[in-house]
Amino acid sequence: MANLDYGMAGEFLRDCFQEVSGQLPEPAQELLQTQHAAFGAVFRSKTQSYREVLLGCAVARYLDPAVNIRHPYIKQGADAFNGRSLDEEAINPFLRTKQIPCSRGPYLATFRRNVRLDASARDGLRDQAGYDAMLAIMEAIETPRGHTVKDVVLCLLHEFIKLRDQADIRLVSVEKLSIEQTRYFLDTFLHNPSGGMIPMLVSRALFEAVNEFYRCGWSIDCQGVNSADGATGTPGDLTIRRGEEIVKAIEVTERPIGVTRVETTFHTKIATNAVRDYLFIYTSAVPDEGVYDVAKIYFAQGYDVNFIKLTNLAAAVFAAGDASMRRMFMDRMLGLLRQGDVPAAVKTAWNDALQAVLRA
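Keep in mind that this is a model prediction, so the values were computed, not measured. (Residues numbered from 1 in each chain as written. Predicted model: local features only at pLDDT ≥ 70, side-chain atom pairs only at ≥ 80, totals over all residues. Heavy atoms only, no water.)

Digging into the environment of Asp 187
Then step 1. Within the secondary structure layout, Asp 187 lies in helix α8 (residues 179-190).
Then step 2. For Asp 187, a relative accessible area of 42% puts it in the partly exposed group. (Helix = DSSP H or I, 4+ residues; strand = E, 2+ residues; numbered from the N terminus. Buried < 20%, exposed > 50% of the residue type's maximum accessible area, 1.4 Å probe, protein only.)

Digging into the packing of helix α3 (residues 36-44) against helix α6 (residues 128-142)
Then step 1. Contact geometry for α3 and α6: axes closest at 8 Å, N-to-C directions at 130 degrees. Between α3 and α6, the interaxial angle falls into the category oblique. Helix-helix and strand crossings are classified by hand; for α3 and α6 the assignment is left-handed. The segment α3 lies against α6, with Ala 38, Phe 39, Ala 41 and Val 42 engaging Gly 130, Ala 133, Met 134, Ala 136 and Ile 137.
Then step 2. Residue composition of the contact of α3 with α6, by class: eight nonpolar, one polar and no charged. (Axes fitted to C-alpha atoms, helices over the stretch in contact; angles between N-to-C directions. Parallel < 35°, antiparallel > 145°, perpendicular 65-115°, else oblique. Left-handed = near helix turned anticlockwise from the far one by under 90°. Contact = heavy atoms within 4.5 Å. Nonpolar A, V, L, I, M, F, W, Y, C, P; charged D, E, K, R; others polar.)

Looking at helix α13 (residues 323-337)
Every α-helix winds through 3.6 residues per turn, so residues three or four apart in the chain are directed the same way.
Then step 1. Taking 1.5 Å as the rise per residue, α13 with 15 residues should run 21 Å; its terminal C-alpha atoms sit 21 Å apart, in good agreement.
Then step 2. Buried residues of α13: Met 325, Arg 326, Arg 327, Met 328, Phe 329, Met 330, Met 333, Leu 334, Leu 336 and Leu 337, and no others.
Then step 3. Against α8, α9 (197-214), α12 (310-320) and α14 (344-359) lie the buried residues of α13. (Expected span 1.5 Å × (residues − 1).)

Quick word on the nonpolar core
Then step 1. Formed by 61 residues in total, the largest nonpolar core has its most connected members in Leu 55, Leu 86, Phe 111, Leu 117, Tyr 131, Met 134 and Leu 157.
Then step 2. Listing elements by their share of this core, those giving two or more residues are α1 (6-20), α2 (26-34), α3, α4 (49-63), α5 (83-97), α6 and α7 (149-165).
Then step 3. If you tally residues by element for this core, the top one is α7, at ten residues.
Then step 4. Apart from residues no more than four positions distant in its own chain, Phe 111 is found in contact with Tyr 50, Val 53, Leu 117, Leu 125, Tyr 131 and Met 134.
Then step 5. The next biggest cluster of nonpolar side chains, apart from the first, holds 46 residues, and it includes Ala 205, Leu 238, Val 252 and Leu 334. (Core = buried A, V, L, I, M, F, W, Y, C linked by side-chain atoms within 4.5 Å.)

All we've got here are geometric facts, nothing functional implied.
Structure follows, in structure tokens:
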């Protein structure tokens, strides 16, 4: 029997999941296109175990190329592997952690004991077409043609993510977090790639909480992530108004902030809209030193242009308020996350970050 390292299996799955969050490599894209019908049938099947078995088989073959993926029971010979242990120790915990719909029990429970995963097991199964599709993908694991076993895993995870996106993700909530816990949570949450959505949601929730806590009487307009600058008629990603007056315009960015960008923003957004207070909120890359010299010139002309890291802004807001301020922020975040245009990946990132805080 193959002796698989379940810790390595989990690490491999996490690395692949991170990779598939971007663009699939070309061999994986070609495999998905070639086997489109088979992947579609497996992931449409009401028999969840088919897709989970495939993931287990692919991981087993990746860890040990000598494994016979048709033999998921230890009594089936020296080339067999323990499919149930692999499921319990790596596959099912991984799927649950990523909040992907999956079986509650062992995925092999669908089949008779000591089953050989080939055509001989087809009789008696409810979804025989789905099983045939599963066997077709198993062949792709056993005999790669222009792709690798890892490419099969990437394809499977790509389809699992699509499945999760169709599901209703229940958001985790907590009654109270300390300032330090909230800072740790935001550091973890913001680390997730989201195309700018996560920092935008956090920034919006922060200013809405400030508005509520201090009763500022603001209206806060939000421009969609990556919207064209002129699409909404607002000078910032967030534009804060009191009546007709623009109190502050805010640009939320994950991209580097250089002199050229600040100058362009001044001429196209700040000066043309008479915005006296403009704030760049950045997530990681520190602005170039030259931007502060440019900001001094604009300040002398009556325009206040400032730069702040999002986590530092959050820490200052929470330190100035009390526990109810943090509660308002969390409530605002939950409301924004429940909107229909928020991807499941962002909701899962929220849940993962909160659970990481609670475990710390």
